[in-house]
Each structure stands twice: as structure tokens, then as C-alpha cells.
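The residues making up each chain are set out below.
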Amino acid sequence: MQTGSNAYQKYTGPHPDAIVHGAMKGRPEGGTMKALAWFGSQDVRLIEALIPDIIDEEDVVLKVTGTTICGSDLHLCVHIYFSHYTPEMFLIYIFADHGEIMAMQKGDILGHEFMGAVDRIGKNVTKLSVGDRVVTSFQVACGKCVYCKKKLSSFCEKTNDSTLQEKMYGKRDAGFFGYSHFTGGYAGGQAEYVRVPFGNVNCLKIPAEIPDEAALYLSDILPTSYHCVVDTGVEKGNVGGIWGLGPIGMSAARWCQLKGAKRIIGIDSVPRWPKSD
Ligand SMILES: [Zn+2]
Ligand SMILES: [Zn+2]
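The paragraphs below set out a description of the structure included in this document. Within every chain, residues take consecutive numbers counted from 1 along the sequence as written. Just so you know, chain letters begin at A and ligand numbers begin at 1, following the order they were written in. Per-residue local features of the predicted model are confined to residues with pLDDT of at least 70, and side-chain atom pairs are confined, for both listing and counting, to 80 or more; whole-chain, interface and lining totals are unaffected and use all residues. Excluded from the side-chain calculations are hydrogens and water; all other atoms, namely the structure's heavy atoms, are used.

### Describing a nonpolar patch on the surface
- Residues qualify for a patch when their relative accessible area is over 30% and they have no salt bridge, like charges being joined within 9 Å and the nonpolar side chains of Val, Leu, Ile, Met, Phe, Trp and Tyr within 5 Å. Per-residue accessibility takes into account occlusion by the displayed protein chains alone, with areas from the Shrake-Rupley method and a 1.4 Å probe. The salt bridge criterion pairs a side-chain nitrogen of Lys or Arg with a carboxyl oxygen of Asp or Glu, the two atoms within 4 Å. Residues Trp243, Ile265 and Ile267 make up a contiguous nonpolar surface patch of roughly 220 Å² in combined accessible area.
- With respect to the helices and strands, the residue Ile267 is situated in strand E14 (residues 263–267).
- For each residue, the accessible area found with a 1.4 Å probe, counting protein chains only, is set against the maximum for its type, and the residue is called buried under 20%, exposed over 50%, and partly exposed in between. Residue classification places Ile267 among the partly exposed residues on the basis of a relative accessible area of 31%. The way it works is that DSSP assigns letters per residue, a run of H or I at least four long becomes a helix, a run of E at least two long becomes a strand, and they are numbered from the N terminus.

See below:
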């Protein structure tokens, strides 16, 4: 699957609408960093990789101070939720499939959820300074295309150059960090440094009083779980269930509480949470 998908992408070349690419460039002065890299569906290694430099003038490079492993990373697959809503009951199912995603290449640096301190800055980045603490969106948005202007940044049409995805889906989504060449081939943040394109758009500055542990989950877990709850239409007084109590499921339960759900039943095949009396 990887050989065929990579061959198709190589043959067709990058999509012409993409204005930024997942290329990696080391620094003129050299230097290597530790990074977690994919070498196969059951082969992830800690490697020495080049410390990235600025490529485009809207890039920043972060020194990573926090990163998480997502269910999507564990299985290199799509992490899925389904939801169902009636006035009496909401149901949210969260689980991960075990299929492998396409267009992974040996040495790809993993990690789409991370935060860090700005280490280098492109000359067109106006909203950040070196040393700022930021959390980054897992998707790469340009901030300028028709979708980004409508705040539908996951559909950004300028940051994913996968012609394979367009061929298969009829459309491309935005690029994602650390998640295959099917989503742009961007190096991820399970590394000491990471390049972030369009720093003005994709980095959120964190106030000094907010610790890393409280800000990090803004990169995926909190917005994903919130989207799931809003999409389901949870309302005050509802009773419902959540299947799958990983970080997303637990966060979804909290969002349901904040939306006023009367009772939330968590269902998981792994008995890991202490019983409440
Ligand atoms: Zn994630
Ligand atoms: Zn865009």
C-alpha cells in the first residue's frame, strides 16, 4: 500500500494549488535533534534528524516543550467518532481502527499535537517573537484561501499537495503535521524542534500564567472533543453515553457536563478508571 501510494504521488507530482510543502531543510550551521520517526506499521524509532530551519518567510520553528501521542499515532490510522442525537439521548462512539494510512515514508517524523517556544522566525511573521510560548493547531492552514476565510481551516486548499488524496476523495483537506504524505508530508512535533508554516495563523500565544500542561491539549484533544459534542447537539438535561474513554472521550464527557447533560455513561473495554461510590 505504501509503495503504490508513494509511487502515484511521485508520478503525478505535487498539487499545483498548494503554496507550501512539507519539505525539510537543515540549518547552515548544522545540528541534529532527537525525533520519533516512522519506519513501518510496527517500527517507530528514536532517530537523530536535522534541526529544521525556516524555509518560507511565514514559517516559524519551535523548540518543542510539550507533545502528546494520539490514538491516531498509535495505529497510524484514522481516529473516528460517530454521534447520534435525539431529544432524549445522545450517543458518542470513539474508537480507533487498526488500518495503516497511506503515503507514509521511512523516516517521517511523527506528532501532530505539540507546543513550544518560538526559536526562529520568518521575516513575514508579524504576530510572534522569538521566545513566545505557543500551542499549534494540528492542521496547517494558510489563513488566506476561501475556506480559511470562512474559518473552515481543515479544508484549507493551499497546504496539502497530495494529488493522491484529490484523486481518491475528489478534494484535498488541509495539511496535517506528522501524518503522512497523504496530508502534506509535514514533519511532526514528536521531536525537539519543528517547522510550522504560516506562524501568524497556526500558532496561538499562551499567557505566562497558563502552564504547558493546560495549554497543550488545545492542539487537538480539546477542540476535537468539543466539535464532537457540538456536532452531536448535546443539550441541558440530556442523558447519554460515550463509548471510548481515552483523552478524547474523557474530554467529551467534560464538555457534555458543561453543556448541561444530566447523566453521562462512559463505556470502555479497559477497566482503568477508579470506581466512584
Ligand atoms: Zn490527535
Ligand atoms: Zn487556507
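Next comes the rest of the description.
### Let's talk about the pairing of strand E7 (residues 114–121)
- Across seven bridges, strand E3 (residues 60–67) lies against E7 in antiparallel orientation. By the bridge assignment, Val60 is partnered in E7 with Ile121.
- Think of it this way: DSSP has to see at least two bridges between two strands before they count as a pair. Relative to strand E8 (residues 133–136), E7 is paired through three bridges, and the arrangement is antiparallel. Note on E8: the bridge partner recorded for Met115 is Val135.

### Thoughts on the coordination of the zinc ion (ligand 2)
- Each metal's donors are the N, O and S atoms found within 2.8 Å of it, except that Na, K and Ca use a 3.2 Å limit; water is left out, so coordination can look incomplete. Surrounding the zinc ion (ligand 2) are the protein donor atoms Cys142 (SG), Cys145 (SG), Cys148 (SG) and Cys156 (SG), which sit 2.3 to 2.4 Å from the metal.
- Considering all four donor atoms around the zinc ion (ligand 2), the spread of angles at the metal, 102 to 115°, places the coordination shape in the tetrahedral class.
- The sequence pattern formed by the donor residues of the zinc ion (ligand 2) is C-x2-C-x2-C-x7-C. Of this pair, Cys145 sits in the loop between strand E9 (139–140) and helix H3 (146–149) while Cys156 is found in the loop between H3 and helix H4 (163–169), placing the two residues eleven residues apart along the sequence. As far as burial versus exposure is concerned, Cys145 and Cys156 are alike and both buried. Any coordination sphere not matching a tetrahedral pattern (four donors, all angles between 85 and 135 degrees) or a square planar or octahedral pattern (four or six donors, opposite donors over 155 degrees apart, other angles between 65 and 115) is reported as irregular.

### Comments concerning the sheet that holds strand E2 (residues 43–50)
- An order of E2-E1-E6 is seen for the three strands of this open sheet, with the pairing classed as antiparallel. Edge positions in the sheet fall to E2 and strand E6 (108–109), since each has one partner strand and no second.
- Here two bridges tie strand E1 (residues 32–40) to E6, and the two strands are oriented antiparallel to one another. Bridge pairing in E6 links Ala37 to Ile109.

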